[in-house]
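One letter stands for each residue in the lines below.
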Amino acid sequence: MTLTRIISAIGNNSSVYPLILRDCGVEIPSKVYLTYKENKDDKDVAFLATRERVIDEYATSAVWLGGIPFVEWVANKFIKKNGLSPDVNLKLFKESNCQGIDFNIKAYEEKLAKNIFNEKQAKEVKSALEDIKKVKLNKGKYEKLLSAKFISATTIPIALMGFVIPKLVFGLTAKTKAMKKAKETQKNVNTDNNMIKNSKAPTFTGSFSSTVAGFSTYQKMATIDGGYAVGRVVTARKKNEAVDIAFKMAGMMFLNFVAPKYIEKFLDNATSKVLNLNVKLDPIMLADKNFIKDVATKNIQLPKGNDGVSLLKFIDENPNSIFTKYATEFEKVKMLKSGVRDPRAYVDLDELVKFKRSIEEFSSKAISVAGDKNVLEEVQRFAKKAKTVKSLNILANVGLSSFLLAYCLPKAQYAFREWYTGSKLEPGIVDNESKTV
């Protein structure tokens, strides 16, 4: 993987890659260090708090990052065993003038009848249409299976991260404290070892709309974080610890899922105005020589209109165009292996329009800046500068959000803790509740 692709991946604030980098690469090591530093006034508390942090953070990250893909893999196997394809998007049941279950079946069957596909394409399209027809005949069953998939992919990680892991960590701390106390007093060995036995098992109720079955992994991770936050507050050992955790989890959710998008928008707008650039496109596109050449020669092929019919018609008729290539790479549309748009997939037309307009705005700006000079050279220079600035914006975004998560949030949490509890020490580990203000 090239450096440009790495930067592109971590710059996609709707994917898991920035989360992985911030969580495993920066946040956890910093949290471990700051936890020890905050509790160093008490040697025993510092040891227990740091050990809790190490075990908790790495176990939670393993579940958070790997739980959804694994559970979904198992769920998809189960759905296939029931004779249905998990690749059919339920949003297609809402028919429009350019996509839908019935629309796609009719449109692709007409294309098959006209023999516009080669043998490989025709075979894949027929298989995809069979998947759609089976789902159409078993809509109720399919909705239940996808809902169960969503519930499993979210509640299992929530249960592990929000309830099981903290209880195990707390139990280990309680056992360590009990053993230490036993050595000192030779009595009351089991005093602090009962919290796991007395806790209530979590229950999950409520119905989920079938639409949540189309959530992306990123959206499911955000959902899991919400449930994880609730679980951590519920399983807190003391009131002060519950308040301390609630403060931390609220900050984590904001800095993980909300702040990066606002930071990206601010950086892109600021650098565009100051440097007279357009940095809305991905670095991968800005490094594509063919794309830059098409922009310079005004030969870039784009859909003529912004309506769904025009957009999807263009993609279907121009599968090898640069627009279709990057719409596919950036997951705006989904293609079959043979290069035909997947009739089972739903296309978010709003996102596709935004993508098209970003290309148009870049092209217009690049040509405008080139003026009467050598257009190709000037556009290449413009694209290179835009790529550099966009890459720096991405790295700055990741760096700033990581700094906020790994340093500022813990510092704010510790300041809040000391104000609220009157102590710097970990509120769940100290033997007595400090007085709150």
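Up top is the structure these notes are about.
From a predicted model like this one, the values you see are computed outputs, not experimental measurements.

Student: Explain helix 13 (residues 308–317) to me, and be specific about the residues and the numbers.
Tutor: Of the positions making up helix 13, those classed as buried are Gly308, Leu311, Leu312, Phe314 and Ile315. One face of helix 13 carries all of its buried residues, which in axial projection span an arc of 155 degrees.

Student: How would you summarise a nonpolar patch on the surface if you had to cite specific residues and measurements?
Tutor: On the surface, a nonpolar cluster with roughly 310 Å² of combined accessible area is contributed by Val54, Ile55, Tyr58 and Leu172. Sort the elements by how many residues they give to the nonpolar patch and helix 3 (residues 43–81) lands first, with three residues. With respect to the helices, strands and loops of the structure, Val54 is situated in helix 3. Take Val54: its relative accessible area is 34%, and that puts it in the partly exposed class.

Student: Provide a residue-level description of the packing of helix 9 (residues 239–257) against helix 10 (residues 259–275), including the pertinent values.
Tutor: The geometry of helix 9 relative to helix 10 is characterised by a closest axis approach of 4 Å and an angle of 40 degrees between their N-to-C directions. Relative to helix 10, helix 9 is oriented oblique. Contacts between helix 9 and helix 10 pair Phe254, Leu255, Asn256 and Phe257 from the former with Ala259, Pro260 and Lys261 from the latter. In terms of residue class, the contact of helix 9 with helix 10 is built from five nonpolar, one polar and one charged.

Student: Let's hear about the nonpolar core: which residues, and what values?
Tutor: By size, the foremost hydrophobic cluster in this structure holds 37 residues, and its most contacted members are Phe291, Phe323, Leu352, Ile359 and Phe362. Going through the elements one at a time, helix 11 (283–286), helix 12 (289–296), helix 13, helix 14 (322–329), helix 15 (349–370) and helix 16 (375–421) are the ones with two or more residues in this core. Non-local contacts of Phe362, meaning those with residues more than four positions away in its chain, are made with Asn278, Leu281, Leu286, Phe291, Ile292, Val295, Phe382, Ala383 and Ala386. Of all hydrophobic cores here, the second largest spans 21 residues; its members include Phe117, Tyr142, Leu146 and Leu336.

Rules and cut-offs
- Residues numbered from 1 in each chain as written.
- Predicted model: local features only at pLDDT ≥ 70, side-chain atom pairs only at ≥ 80, totals over all residues.
- Heavy atoms only, no water.
- Buried < 20%, exposed > 50% of the residue type's maximum accessible area, 1.4 Å probe, protein only.
- Helix = DSSP H or I, 4+ residues; strand = E, 2+ residues; numbered from the N terminus.
- Arc of directions from axis to C-beta.
- Patch = residues over 30% accessible without salt bridge, like charges linked within 9 Å, V, L, I, M, F, W, Y side chains within 5 Å.
- Areas by Shrake-Rupley, 256 points an atom, 1.4 Å probe, with all protein chains shown as cover.
- Salt bridge = Lys/Arg side-chain N within 4 Å of Asp/Glu carboxyl O.
- Axes fitted to C-alpha atoms, helices over the stretch in contact; angles between N-to-C directions.
- Parallel < 35°, antiparallel > 145°, perpendicular 65-115°, else oblique.
- Contact = heavy atoms within 4.5 Å.
- Nonpolar A, V, L, I, M, F, W, Y, C, P; charged D, E, K, R; others polar.
- Core = buried A, V, L, I, M, F, W, Y, C linked by side-chain atoms within 4.5 Å.

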